[in-house]
Amino acid sequence: MSVEVLDGATILGFVEDEAAFDSSINDLFAQLDTNHDGLLSYSEMLKELQSLRVFETHFGVDVKTDPDELNRVYGSLFVQFDRDSNGAVDLEEFKAETKRMMLAMANGLGFLPVQMVLEEGSFLKKAVERELSKVGF
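Predicted model, so just to flag it, every value in this text is computed and none were measured. (Residues numbered from 1 in each chain as written. Predicted model: local features only at pLDDT ≥ 70, side-chain atom pairs only at ≥ 80, totals over all residues. Heavy atoms only, no water.)

Turning our attention to helix α1 (residues 8–16). Where α1 is concerned, the buried positions are Gly8, Thr10, Ile11, Gly13, Phe14 and Val15. Backbone nitrogen of Ala9 and a side-chain oxygen of the N-cap are separated by 3.1 Å at the start of α1; the cap is Asp7. (Buried < 20%, exposed > 50% of the residue type's maximum accessible area, 1.4 Å probe, protein only. Helix = DSSP H or I, 4+ residues; strand = E, 2+ residues; numbered from the N terminus. Polar contact = N/O pair within 3.5 Å; in protein donor to acceptor, adjacent residues only side chain to side chain.)

Shown next, in the form of structure tokens:
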């Protein structure tokens, strides 16, 4: 983890850089597709969602979360990705929904810089690294 400064323009630039964004999407998709069938099942995506621990912590402190509520939230997130409702997420669905989420984050952040703690290898960290490489860091 590292503390980084970013804004909506940093995220927007990363998403609009098709080569960088597509490469990151392809890498993560391949990593999540543990059975290498070209599709992400609910269980494959669930492992990633659970590893993020977004709903199990509050400002880094573990909180008790109702397992039924977690299952509903994870299920609804999967449905967001599974646009054709066939029970699996293909690469294009994964890319489209990830792009939509990244653009929503960019819009929410706006153009005032904020400090965030970012996981190594995350899309936001990659966006910051891309931005830094443009200015010679």
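More follows now that the structure is in view.
What follows covers the side chain of Lys125. Of note, Lys125 is situated in helix α6 (residues 123–134). Assessed through its relative accessible area of 8%, Lys125 is described here as buried. Excluding residues within four positions of it along the chain, Lys125 makes contact with Ser2, Glu4, Leu118, Glu119 and Glu120. (Contact = heavy atoms within 4.5 Å.)

Now for α6. In this model, α6 (12 residues) spans 17 Å end to end at C-alpha, consistent with the 16 Å of a helix rising 1.5 Å per residue. Along α6, the residues classified as buried are Phe123, Leu124, Lys125, Ala127, Val128 and Arg130. Those residues of α6 that are buried lie in contact with β1 (2–6), α1, α2 (18–32), α5 (91–109) and β6 (114–118). Count one or two residues on from α6 and you reach Gly136, which has phi positive near 90°. (Expected span 1.5 Å × (residues − 1).)

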